[in-house]
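The primary structure of each chain is shown beneath.
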Amino acid sequence: MRIDIDKDRCIGAGQCALAAPGVFTQDDDGFSTLLPGREDGGGDPMVREAARACPVAAITVTEKDGAQSLG
């Protein structure tokens, strides 16, 4: 899977980091970012939940088959 974070849309609510702390963290400014080496989600089943939890839908998860799940 591929995870994209729209940095212009992100407000730093931190819901993604709470839902999937093994994939998401917050940068020094409080905005969402992926942990190093976790750009593909690392098989974490909570990645889609993290995308859904985002209050501004800043996270997009794209499956290998091209299907998208928007946060």
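So, a few notes on the structure that sits alongside this text. Model, not experiment: these values are computed from the prediction.

About the criteria used
- The residue count restarts for each chain, going from 1 along the sequence in the order it is written.
- Per-residue local features of the predicted model are confined to residues with pLDDT of at least 70, and side-chain atom pairs are confined, for both listing and counting, to 80 or more; whole-chain, interface and lining totals are unaffected and use all residues.
- Computation of side-chain values: all heavy atoms of the structure, hydrogens and water removed.
- Nonpolar cores are built from buried Ala, Val, Leu, Ile, Met, Phe, Trp, Tyr and Cys residues. Side-chain atoms within 4.5 Å join them into one set.
- Relative accessibility thresholds used throughout: buried, under 20% of the residue-type maximum; exposed, over 50%; partly exposed, between the two (1.4 Å probe, protein chains only).
- For helices the rule is a DSSP run of H or I covering at least 4 residues; for strands it is a run of E covering at least 2, with both sets numbered from the N terminus onward.
- Two residues form a contact once any of their heavy atoms are found within 4.5 Å.
- Throughout, disulfides are identified as pairs of cysteine sulfur atoms within 2.5 Å of each other.
- Note on definitions: salt bridges are taken to be side-chain nitrogens of Lys or Arg within 4 Å of carboxyl oxygens of Asp or Glu.
- Strand pairing is assigned whenever DSSP identifies at least 2 bridges connecting the two strands.

Once that is clear, we can look at the nonpolar core. Judged by nonpolar contacts, the single largest core of 17 residues is most densely connected at Ile-3, Val-23, Phe-24, Leu-34, Ala-50 and Ile-59. Breaking this core down by element, the ones donating at least two residues are strand 1 (2–5), helix 1 (15–19), helix 2 (47–53) and strand 4 (59–62). For Ile-3, the residues in contact, after removing those within four places along its chain, are Val-23, Phe-24, Leu-34, Arg-38, Glu-39, Asp-40, Gly-41, Val-47, Ile-59 and Thr-60.

Inspection of the entire model under this criterion finds zero disulfides. For the unlinked cysteine Cys-16, the closest cysteine sulfur is that of Cys-10, found at 6.5 Å. Summary of cysteine pairing: Cys-54 is not part of a disulfide, and the nearest cysteine sulfur, belonging to Cys-10, is at 6.4 Å.

Attention now goes to the pattern of salt bridges. Per the stated rule, a full pass over the model turns up three salt bridges. Arg-2 serves as the salt-bridge partner of Asp-4, at 3.0 Å between the closest nitrogen and oxygen. On the accessibility criterion, Asp-4 (28% relative accessible area) is partly exposed.

Next up on the list: the pairing of strand 4. Side chains of strand 4 alternate between two faces, with Ile-59 and Val-61 and Thr-60 and Thr-62 buried alike. By the bridge criterion, four bridges tie strand 1 to strand 4 in an arrangement that is antiparallel. Following the sheet pairing, Ile-5 is matched in strand 4 by Ile-59.

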